[in-house]
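What follows is the residue order along each chain.
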Amino acid sequence: MHVLRFSDLCAQGKVAGQRVFIRADLNVPQDDAGRITEDTRIRASVPAIQMALLAGAAVMVTSHLGRPTEGEFKPEDSLAPVAQRLGELLGREVPLVRDWVDGVSVQPGQVVLLENCRVNKGEKKNNPELAKKMAALCDIFVHDAFGTAHRAEASTYGIAEYAKIACAGPLLAAEIDAIGKALANPKRPLVAIVAGSKVSTKLTILKSLARNVDQLIVGGGIANTFMLAASLKIGKSLAEVDLVAEAAAVIDAMKSRGAEVPIPVDVVTAKTFAADAPATVKAATEVADDDLILDIGPKTAERLAQQLKEAGTIVWNGPVGVFEFDAFAKGTETIARAIAASSAFSIAGGGDTLAAIAKYGIERQIGYISTGGGAFLEVLEGKTLPAFDILQRRATA
């Protein structure tokens, strides 16, 4: 994928004295008092900002936060806590600017944070007038928010259309490289793990991957639907009976290519969905009518772990069981540790996946951890993200 890269512009000396507008993803979780509870996204935004400052640019940064009503600024929508944390990370004060669309005062070597961009009227619908005003603020637009790359909004897409120069920041460029390595030109065998509660939310992903991967490991409620498709009983487990035929079609599509969807040979069940519910390991053929399947069994986990250790590339989206409950977390832990031990290039994305990676402390053993949830899923579906599309077009214009 050919896009202009901000790092290249800096290396070429084309950033000094320029006004640089960085669209970051600073949409961090907060408690009821507005305090930031987890700052990964802020820390991930720092390299682009430091790169711009070191290059001698006048730097403007903006992001969305929460779900504000356009045109109605409320204190709880403010990026003020983000400005404070960003200042701590950068070792300098980061002024917060409100009502910035019609002009911003910032000098080379300075950085300002522009208040929540989703408060601006026309942001979500990519209003051309708003996008042109944003573009007029800068000489270089830097898209560094992969988490918003699947949305065509004024601060993510429109500004890239009208800015003098539009390029990918280091975080977005790293996502582009990792996605290309995992999906466009993977080292094989290519194994994908897709888990979650419903087939319906990931059906297009499953169909797309079925055309490309060597193994498609399904987990969670999705696996239950595939077990039904394999004529296994699942008791009262979460499943989508109306999509059994679709699951069977995915299995057949994989078989026709000599690939497979491994079906669990054993499972961990309970009678109720609770952290303290007694866990019972059963053969997949022995699930009772009143059983809930809450994890894959140890034999299945070990089989999958062996296959993951032999993989060339691994794409991971979703835990394979209810890993939040320790009694039903062993399957996900086995999978996670197998990925960590594998010599394969691995890319992982999605909120629950990141939570599992953090729980088992394997961050450094994953090849690339994607910062985008919805954007990561759309890439797996085979879609071209709006951000990638506009940056590619601007690079060749």
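To be clear, the structure that these remarks concern was listed above.
Novice: Just checking my understanding: could you explain the state of the cysteines for this structure?
Specialist: Covalent bonding between the sulfur atoms of two cysteines is what defines a disulfide. This model, assessed by the stated rule, comprises zero disulfides. Residue cysteine 10 stays outside any disulfide, its sulfur separated by 8.0 Å from that of cysteine 167, the closest cysteine. The buried category is assigned to cysteine 10, whose relative accessible area is 19%. The exposure class assigned to cysteine 167 is buried, which follows from its relative accessible area of 0%.

Novice: I tried to follow the pairing of strand β1 (residues 19–23) on my own but got confused; where do I start?
Specialist: Side chains on a regular strand alternate between the two faces of the sheet. The buried fraction of β1 amounts to four of the five residues, a majority that puts the element mostly inside the structure. Pairing of β1 with strand β2 (residues 58–62) involves five bridges; the strand directions are parallel. Bridged to valine 20 within β2 is valine 59. Taken together, β1, helix α2 (residues 40–54) and β2 constitute a β-α-β crossover, and its handedness is right-handed. Sheet topology places β1 next to strand β5 (residues 140–143); four bridges connect them, and they run parallel. Within the sheet, the bridge partner assigned to isoleucine 22 lies in β5 and is valine 142.

Novice: Sorry, what's going on with α2 here?
Specialist: One turn of an α-helix holds 3.6 residues; hence residues three or four places apart share an orientation. The end-to-end C-alpha distance of α2, which contains 15 residues, comes to 22 Å, matching closely the 21 Å that a straight helix rising 1.5 Å per residue would cover. Residues Ile42, Ser45, Val46, Ala48, Ile49, Ala52 and Leu53 constitute the buried set of α2. On the buried face of α2, the contacting elements are α1 (6–11), β1, β2, α3 (80–90), β4 (111–114) and α6 (170–184). Where α2 terminates, the next one or two residues include glycine 56, which has phi positive at roughly 85°.

Novice: Sorry, what's going on with the pattern of salt bridges here?
Specialist: Side chains carrying opposite charge are able to pair once their charged atoms draw close together. Under the definition given, this model contains 20 salt bridges. Between arginine 43 and glutamate 38 there is a salt bridge; the shortest N-O distance is 4.0 Å. Take arginine 43: its relative accessible area is 41%, and that puts it in the partly exposed class. Under the relative-accessibility criterion, glutamate 38 is labelled partly exposed at 37%. Counted as one network, the salt bridges with shared partners bring together Glu38, Asp39, Arg43, Arg85 and Glu88.

Novice: Hey, could you run me through the packing of α2 against α3 in this one?
Specialist: Angle between the axes and distance between the axes: these two values describe a pair of packed helices. With their axes 10 Å apart at the nearest point, α2 and α3 run at an angle of 60° to one another. Between α2 and α3, the angle is such that the two are oblique. α2 and α3 meet at a crossing whose hand is right-handed. Residues Ile42, Arg43, Ser45, Val46, Ile49 and Gln50 of α2 pack against Val82, Arg85, Leu86, Leu89 and Leu90 of α3.

Novice: How should I be thinking about the packing of helix α8 (residues 220–229) against helix α9 (residues 244–256) in this particular structure?
Specialist: Where α8 meets α9, the axes come as close as 8 Å, and the angle between the chain directions of the two elements is 80°. Here α9 runs roughly perpendicular to α8, going by the angle between their axes. Between α8 and α9, the residues in contact are Thr225, Phe226, Leu228 and Ala229 and Val244, Ala247, Ala248, Val250 and Ile251, respectively. In terms of residue class, the contact of α8 with α9 is made up of eight nonpolar, one polar and no charged.

Conventions we followed
Residues numbered from 1 in each chain as written. Predicted model: local features only at pLDDT ≥ 70, side-chain atom pairs only at ≥ 80, totals over all residues. Heavy atoms only, no water. Disulfide = S-S within 2.5 Å. Buried < 20%, exposed > 50% of the residue type's maximum accessible area, 1.4 Å probe, protein only. Helix = DSSP H or I, 4+ residues; strand = E, 2+ residues; numbered from the N terminus. Pairing = 2+ DSSP bridges. Right-handed = clockwise from strand over helix to strand, strands pointing away. Expected span 1.5 Å × (residues − 1). Contact = heavy atoms within 4.5 Å. Salt bridge = Lys/Arg side-chain N within 4 Å of Asp/Glu carboxyl O. Axes fitted to C-alpha atoms, helices over the stretch in contact; angles between N-to-C directions. Parallel < 35°, antiparallel > 145°, perpendicular 65-115°, else oblique. Left-handed = near helix turned anticlockwise from the far one by under 90°. Nonpolar A, V, L, I, M, F, W, Y, C, P; charged D, E, K, R; others polar.

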